[in-house]
Amino acid sequence: MPIRRFGGHRSLVSHSPKLSYGYSKMNISKSGYRVFSANSTTACTELAKRITERLGVELGKSVVYQEANRETRVDVKESVRGQDIFIIQTIPRDVNTAIMELLVMAYALKTSCAKNIIGVIPYFPYSKQCKMRKRGSIVCKLLASMLAKAGLTHIITMDLHQKEIQGFFSFPVDNLRASPFLIQYIQEEIPDYRNAIIVAKTPSAAKRAQSYAERLRLGLAVMHGEAHHSESDMADGRHSPPLSRTTTGHTGLELPLTYFFLCVSVMMAKEKPPITVVGDVGGRIAIIVDDMIDDVEDFVAAAEILKERGAYKIYIMATHGLLSADAPRLIEESAIDEVVVTNTVPHEVQKLQCPKIKTVDVSMILAEAIRRIHNGESMAYLFRNIAVDD
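Residues numbered from 1 in each chain as written. Predicted model: local features only at pLDDT ≥ 70, side-chain atom pairs only at ≥ 80, totals over all residues. Heavy atoms only, no water.

Undergrad: Summarise the pattern of salt bridges; cite the residues concerned and give the values.
TA: What the rule picks out here adds up to 12 salt bridges. Taking the shortest distance from any N to any O, the salt bridge between E67 and R73 comes out at 2.4 Å. Judged by relative accessible area, which is 24%, E67 ranks as partly exposed. The exposure class assigned to R73 is partly exposed, which follows from its relative accessible area of 37%. The residue D326 makes a salt bridge to R329 at a minimum N-O spacing of 3.4 Å. Several salt bridges converge on common partners, so that one network encompasses E46, R50, R54 and D361. (Salt bridge = Lys/Arg side-chain N within 4 Å of Asp/Glu carboxyl O. Buried < 20%, exposed > 50% of the residue type's maximum accessible area, 1.4 Å probe, protein only.)

And the structure:
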């Protein structure tokens with residue numbers, strides 16, 4: 001061992017190699033991934049189990065439960081450090097509890113040093129509240145901010161109520177489509193589907209219906225009238241002037257009487273004509289397409305009109321089958337022949353109440369999205385043959 005002198009003192013200099021703690025090896029090694037369910041109930045974990053079976057992995061070990069005071073508690077039973085974590089959360093009827101389960105689990109994984117936390121939320125709640133109405137609020141934007149604050153870094157969802165919702169998020173959003181699965185169901189399960197016509201229940205759904213019609217090479221019909229109210233009519237809440245001209249306190253600038261009558265005439269012009277169908281549905285199978293079916297009164301009314309116009313079978317195709325309140329009973333007693341929805345939302349109880357409700361499994365595309373995101377592959381393959389307006 002060589003000896004060096006520094007200021008009259010001797011120093012030993014070792015030529016032994018520097019100690020290595022394997023940091024470089026850890027950095028280049030590929031981390032794994034885990035799939036968790038943010039709800040422990042059987043109905044909500046069914047989709048998560050289907051996805052993990054397709055991926056060939058086990059569902060992550062965790063416990064999600066409600067304490068006696070209804071607080072949500074999450075216990076993660078395995079290490080997630082440095083891994084990509086996918087949280088699958090299907091939204092049951094208790095929407096707010098499901099949101100808290102997702103937020104608490106995401107924060108628990110964040111504080112456990114997960115590398116990335118990706119939320120798989122097939123049906124995104126509060127998606128209808130994405131526009132300002134009167135003195136309300138854009139709740140969908142609030143929820144997007146809460147998810148980001150809890151630690152989510154990515155979201156996989158399906159058929160958002162409005163595509164513009166993706167702009168509420170500060171992280172990537174993959175908005176998958178269920179239309180290829182529903183179109184396959186039409187081609188394989190509806191006899192003589194070539195004699196069918198695609199129907200848009202409202203003018204706002206015409207673009208989605210046109211996308212289905214073009215891929216199936218079928219005709220298109222659009223319904224409009226007083227039974228349906230456009231979202232744009234209620235968007236900003238500026239329905240003025242009030243019906244009464246009486247005011248209290250300081251009156252301010254007095255408007256001329258002609259302005260009052262002009263505004264009243266505009267309000268009367270917004271009254272919609274009786275419901276009509278643009279397109280010939282006589283002697284054909286009518287297939288109504290929409291992104292979700294919740295309160296079914298509008299669908300039942302539409303089916304009655306189509307029956308009056310000569311349609312001999314009525315099908316409803318929707319991605320999200322919320323089927324709230326008395327939906328199963330109303331469907332069973334209506335002119336609707338079949339309601340086809342995907343399993344983005346658990347609805348096994350509703351199926352037992354109404355045999356007209358059928359389910360299409362979309363776990364395949366969700367599993368493929370998880371695999372591609374973890375491996376850093378392009379998602380374009382999942383959007384092939386998807387129209388811009390779908």
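Okay, back to it.
Undergrad: Go over the nonpolar core, please, and point to the residues and values.
TA: Judged by nonpolar contacts, the single largest core of 48 residues is most densely connected at I156, L176, I198, I287, M317 and L366. In terms of residue count, helix α11 (residues 363-375) provides more of this core than any other element does, 6 residues in total. In terms of domain composition, this core takes at least three residues from each of domain 1 (33-176) and domain 2 (180-226 + 275-360). With residues up to four places along the chain from it excluded, the contact list for L176 reads I156, T157, M158, D159, I365, L366, A369, M379, L382 and F383. The next biggest cluster of nonpolar side chains, apart from the first, holds 31 residues, and it includes I99, L109, A114 and V173. (Core = buried A, V, L, I, M, F, W, Y, C linked by side-chain atoms within 4.5 Å. Helix = DSSP H or I, 4+ residues; strand = E, 2+ residues; numbered from the N terminus. Domains from an automatic or database assignment. Contact = heavy atoms within 4.5 Å.)

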